[in-house]
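What follows is the residue order along each chain.
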Amino acid sequence: MNSVSTPSKLYSGNFTYISSSPFLYFLPPLMGLLILWQSDDVSLIVVLLDVNPFFWASSAASVGDSTSPHHPTAILSFSKLLNHVIPFLNSLLLLNQLNQVVLVATGVNSCSYIYDSGDSEGESAGSVPAVCSEILRRLEEFVDKDRLLGKGPDKVVAAGVSSLLSGSLSLALCYIQRVFRSKARHPQPRILCLQSSPDGPEQYVAVMNSIFSAQRSMVPIDSCVMGVQHSAFLQQASYITGGVYLKPQHLDGLFQYLSAVFATDLQSRSFLQLPKPAGVDFRASCFCHKKTIDMGYVCSVCLSIFCKHHKKCSTCGSEFSQAPSDPNATPDRKRKTSEV
Amino acid sequence: MAAITMAAKYKTTVKEPGIPGVLKMMDDVFAFTPNDPRSAMKLKVDFRNIKGHKFSKDGSKQALLNLTQDPEKGGGYIFEFNNFTDRNACRDFVGKVLGKFQALASKQNDQPVSEKSTVSVEQLSTTEMERRMKLLREDSELQKLHKELVFGNILTESEFWATRKNLLDDDYARISKQRTGFKSAMLADIRPSTDGRTNKVTFSLTPEIIHQIFSEKPAVHRAFLNFVPSKMTEKDFWTKYCRAEYLHRTNNSVAAAAEAAEDEELAVFLKHDDILAEEARRKIRRVDPTLDMEADLGDDYTHLPDHGILRDGSKETTDAENDIARRTLAQDVNRHASVVLEGRALDIELGDTRTVAEALARSKQESSADKSDENANLERQERVSRMTEIEDLQATHSLPYAELCIKDPREYFDSQQVNALKALGSTVAGSRTIDHSLNTEEAYVYLLNEISEVKLQGLHNPIVQSEAALKVLSGLTQQISSTRYNLGKNPQESVLDRLPKRTKDEIMLHWTSIQELLRHFWSSYPITTSYLYNKVLRLKSAMTDIYQKLKAIKDVQSDFRHQISLLIQPMLQALDAAFAHYDAEENKHSKKNGAKPNGFVQ
Ligand SMILES: [Zn+2]
Ligand SMILES: [Zn+2]
């Protein structure tokens, strides 16, 4: 296998991948680590895992469905997802002894901490099987609890149920704030969103607030979108916070994406070229027709954008008392001074 | 424009004394009538004969205004005014009149009469011209643009500058708005000089010093207003003042007391300055109320032997026995500093002491009028309660606010998602394919089953098939190394820098020109006058030219063809939008005004 030579040009991190073996060969840091209490590349990674039963159940259903337009590799079952994610969490811990990993589940009714590598106690704690079984156990508990919290209708359309991204982002940020405040020297925090279900428009304000507070505390949000469609939320989140946004094409190689792109610590990112989206389109589109516009009306209270004048803002209900003068009927007064 | 009448002296050269008389300026002529009716120097000149005007600097010896007939030859009508205010009024008037004539002369003849007023607003004085030249010299890009657009007859000089008023204004503000403040040297530094032979002591007072005395010693200021000229002449007043200063200086308190008893006017200068004292009291009220200033006073050691400050070689002592004021050096320094910091509030020419004194009084009234004592007291109480406030015992300061009530945040999301997904290369419609109706219970059961399946079977080994891993890595490599990815990603590296310099310069020039032209184009709508109509025609033809040039650049075969077309495309689109707007407006108007030949006769 000579596949190693191609990628090594671009991914020269502190681990080597040998394609015939499933394991990462961890190069132990030099003696420096023993002397320094912490080095630059110690990371705190908060992973937000989308545990949306509707998405996972419906995608499983569509795999069997022959009319589905999606290639089978574009959809992953939840068990396969866990098969990629749990080894990834373990490999994060292996990358640096001092690395800390926190797993947060994003449900449809609640969010919860599932696993914290800093919490583990006892003899077998930290061993790969122990980590794995703890995660699975806590996940089961979480799904049970989340089910009991649901009071919605019995039947729902899968695409209509989104996970509480705002909630899990907030949990992650709170956790990071606690770390910031409790220790003078703390690991470099970052958030990784493993998102699959569609964005929840009703969470817009909460999600944007979380994103901005992540930006303020300089916490990058990495996004790995495994759903069918791109996530506008996470695209913004990664763009604003300087994280990586990626929508993997081949989900059967998810672990490869995770370890090649998202395992990189912040220190090493300055030396590496990581995939980034083509950029965020900041053009405005109107709230009334969702059309991209060059010129329009903006509500002075809530900043909603409209392509034509309304009497009342449909978003916040503010009333606009003054109708704009018809530019064709009366010559603008300002014109006289600016013309000459 | 109304007429303006001013007393002035007419002269043919700057040196001669001039003939006193009255200068009257009207819309198109100015006339000079000498005070002496026998004089033959009557003038009546048409402004059309005047080609320019010069004037002496504010604050120079004479307030001169020179209306020149021929800027090259020099000479012309020179007027000297009593002061600069008069001169400036006339200068500004002339500037406006000349500006109007200039604008009229440069205007095309085919413009209808009604347009005149809009076109001629701008006056072009020499200073204005110089300012523009200076801006152009300093900014080579602006100069290039100016050359291209103004010399290319696409925009007129005034149109070009109309959008850059802020540049001109800023510059102007910088030049003229700065006023000189008080000197930082103290009055005490102005020492009396003796000639050594007689007992005469000379103090020299300049208008500058007098202004400073008025500002620093309000009691002297008040005395001047009260005594001069009703009780004594100005000269006597200052003599007395200097006498008092002399007594101060000699530290002869006995002599001072004796003289003060005899001469009540002199006593005014020797007594404590009650205005200052009142002001000091007012200021003390503004000091942190928890500070005990009186306690501080007790810590004053200056009266003890070996303590205190030496002034003019002798130690300052404080004795409160008589009424005679003893100003300490610290007091003088503080007073002086506060006056200097306050700055010179007056905007009038120094010279006539009486005018200065009155103006100062007016400005003081204005500044003190807004604060009544009652308010000050209330304010003080408030401050005391605020300073002594114990935080934990207070309710939170809640500010009144109106809650922002967003009924439906979904709208923000939707308006953003459209663009976000477009940028990522997918559409909302195409991706909403999973529409399975699901039973909530079943969904949860499925998820739990999946988890227990992993529990039972353990993790797969290997995690990733090597084929899949290879596919992922080559996919990522390809994505990262593609040009589309690299373009514009590095803020330090501009796409422009990779282009040949000639092409880069060309594109940059076109870009700035387009920006300027489009700004003028869009600001011309709605077209309400035929002037605007002509302007838009001019702009459109200029934009068409650039459009062709851009297309030519784009079509040249080169290694950078792709990058260049990426740069040029948005420029072309912006122009296309303008052309489309032009055509739409044109159609609308031709429909409306049907029969009329060019549709814009008002
Ligand atoms: Zn609209
Ligand atoms: Zn609004």
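Residues numbered from 1 in each chain as written. Chains lettered and ligands numbered in written order. Predicted model: local features only at pLDDT ≥ 70, side-chain atom pairs only at ≥ 80, totals over all residues. Heavy atoms only, no water.

**Some remarks on the coordination of the zinc ion (ligand 2)**
Residues and elements named next belong to chain A.
- Coordination of the zinc ion (ligand 2) by the protein involves C299 (SG), C302 (SG), C313 (SG) and C316 (SG), with metal-donor separations of 2.2 to 2.3 Å.
- Classification of the site at the zinc ion (ligand 2) rests on its four donor atoms, whose angles at the metal span 107 to 112°, yielding the label tetrahedral.
- One chain supplies every donor for the zinc ion (ligand 2), spaced along it as C-x2-C-x10-C-x2-C. In this pair, C302 sits in the loop between strand 10 (297–298) and strand 11 (305–306) while C313 sits in the loop between strand 11 and helix 11 (333–339), placing the two residues eleven residues apart along the sequence. The pair formed by C302 and C313 is uniform in burial state, with each residue classed as buried. (Donors = N, O, S within 2.8 Å, 3.2 Å for Na, K, Ca; no water. Tetrahedral: all angles 85-135°; square planar, octahedral: opposite > 155°, others 65-115°. Helix = DSSP H or I, 4+ residues; strand = E, 2+ residues; numbered from the N terminus. Buried < 20%, exposed > 50% of the residue type's maximum accessible area, 1.4 Å probe, protein only.)

**Description of the coordination of the zinc ion (ligand 1)**
Residue and element names in this part refer to chain A.
- With distances of 1.9 to 2.4 Å, the protein atoms coordinating the zinc ion (ligand 1) are C286 (SG), C288 (SG), H289 (ND1) and C307 (SG).
- Angles of 100 to 125° at the metal separate the four donor atoms of the zinc ion (ligand 1), which places the site in the tetrahedral class.
- Donor residues for the zinc ion (ligand 1) sit on one chain with the sequence pattern C-x1-C-H-x17-C.
- A residue is classified by how much of its surface remains accessible, and H289, at 38% relative accessible area, is partly exposed.

**Side note on the sheet that holds strand 9 (residues 245–246) of chain A**
Residues and elements named next belong to chain A.
- If you trace the six strands from one edge of the open sheet to the other, you get 5-4-3-7-8-9, paired in mixed fashion. Only two strands of the sheet have a single neighbouring strand rather than two, namely strand 5 (111–116) and strand 9.
- The pairing of strand 7 (residues 188–195) with strand 8 (residues 221–225) spans five bridges and is parallel. Residue pairing across strands places I191 opposite I221, the latter belonging to strand 8.
- Contacts between helix 5 (residues 128–149) and the sheet are confined to strand 3 (43–50), strand 4 (100–106) and strand 5, with strand 5 contributing the most and set at about 165° to the helix. (Pairing = 2+ DSSP bridges. Contact = heavy atoms within 4.5 Å. Axes fitted to C-alpha atoms, helices over the stretch in contact; angles between N-to-C directions.)

**Quick look at the UniProt feature "domain: BSD" (unreviewed entry) in chain B**
- The UniProt record marks residues 128–164 and 197–249 of chain B with the feature "domain: BSD" (unreviewed entry), using the residue numbering of this structure.
- Annotated as residues 128–164 of chain B, this span is 76% helix and 0% strand, and its ends, taken at the C-alpha atoms, are 13 Å apart. (UniProt positions renumbered as here; feature names shortened; annotations may be inferred.)

**Notes on unusual backbone geometry**
- Between B:N461 and the following residue, B:P462, the backbone shows a cis peptide bond with an omega angle of 0°.
- Following the sequence through the fold, B:P462 ends up in the loop between helix 19 (440–457) and helix 20 (466–481).
- The omega angle of the peptide bond from B:Y525 to B:P526 is -5°, so this bond is cis rather than trans.
- Tracing the chain through its elements places B:P526 in the loop between helix 23 (501–523) and helix 24 (530–555).
- You will see that A:L303, though not glycine, has its phi angle at about 65°, which is positive.
- Residue placement: A:L303 occurs in the loop between strand 10 and strand 11.
- Unusually for a residue other than glycine, B:N153 sits at a positive phi of about 60°.
- Locating B:N153 in the fold gives a position in the loop between helix 4 (140–150) and helix 5 (157–162).

**Considerations on the pairing of strand 3 (residues 29–34) of chain B**
All names here are of chain B.
- The buried fraction of strand 3 is high, at five of six residues.
- Note: strand 2 (residues 19–25) against strand 3, five bridges, orientation antiparallel. Counted as the bridge partner of G21 is P34 from strand 3.
- Counting the residues between successive antiparallel strands, the hairpin from strand 2 to strand 3 contains three residues.
- Examined bridge by bridge, strand 3 and strand 4 (residues 43–46) share four bridges and lie antiparallel to one another.

**Quick look at the confidence of the model for chain A**
All names here are of chain A.
- Per-residue confidence for chain A gives a mean pLDDT of 77, with 72% of residues at or over 70.
- For the stretch residues 1–37, pLDDT sits under 50, and the model shows 43 contacts to residues farther than four places along the chain or on other chains.
- Contacts from residues 327–340, a stretch scored under 50 in pLDDT, to residues over four places away or in other chains number 25 contacts. (pLDDT = per-residue confidence, 0-100.)

**Details of the packing of aromatic side chains**
- Considering all chains together, one arrives at 23 aromatic pairs over all chains under this definition.
- Relative to B:F32, the ring of B:Y10 lies with its centre 5.6 Å away and its plane at 45°, an arrangement referred to as tilted. Of this pair, B:Y10 sits in strand 1 (residues 4–11) while B:F32 sits in strand 3, and the two are 22 residues apart along the sequence. Taken individually, B:Y10 and B:F32 each receive the classification buried, so the pair is uniform in this respect.
- Geometrically, the ring pair formed by B:W238 and B:Y241 is edge-to-face, given 5.6 Å between the ring centres and 90° between the ring planes. Residue B:W238 and its partner B:Y241 are located together in helix 9 (residues 234–250), separated by three residues, close to a single helical turn.
- When its relative accessible area of 8% is taken as the criterion, B:W238 is described as buried.
- What links up through ring pairs into an aromatic cluster is the set B:Y10, B:F30, B:F32, B:F47, B:Y77 and B:F79.
- Taking NZ or CZ as reference, A:R178 lies 5.1 Å from the ring centre of A:Y175, over its face.
- Between B:R164 and the ring centre of B:F160, over which it is positioned, the NZ or CZ distance is 4.4 Å. (Phe/Tyr/Trp six-rings, centres within 6.5 Å; stacked < 30°, edge-to-face > 60°. Lys NZ or Arg CZ within 6 Å of the ring centre and 35° of its normal.)

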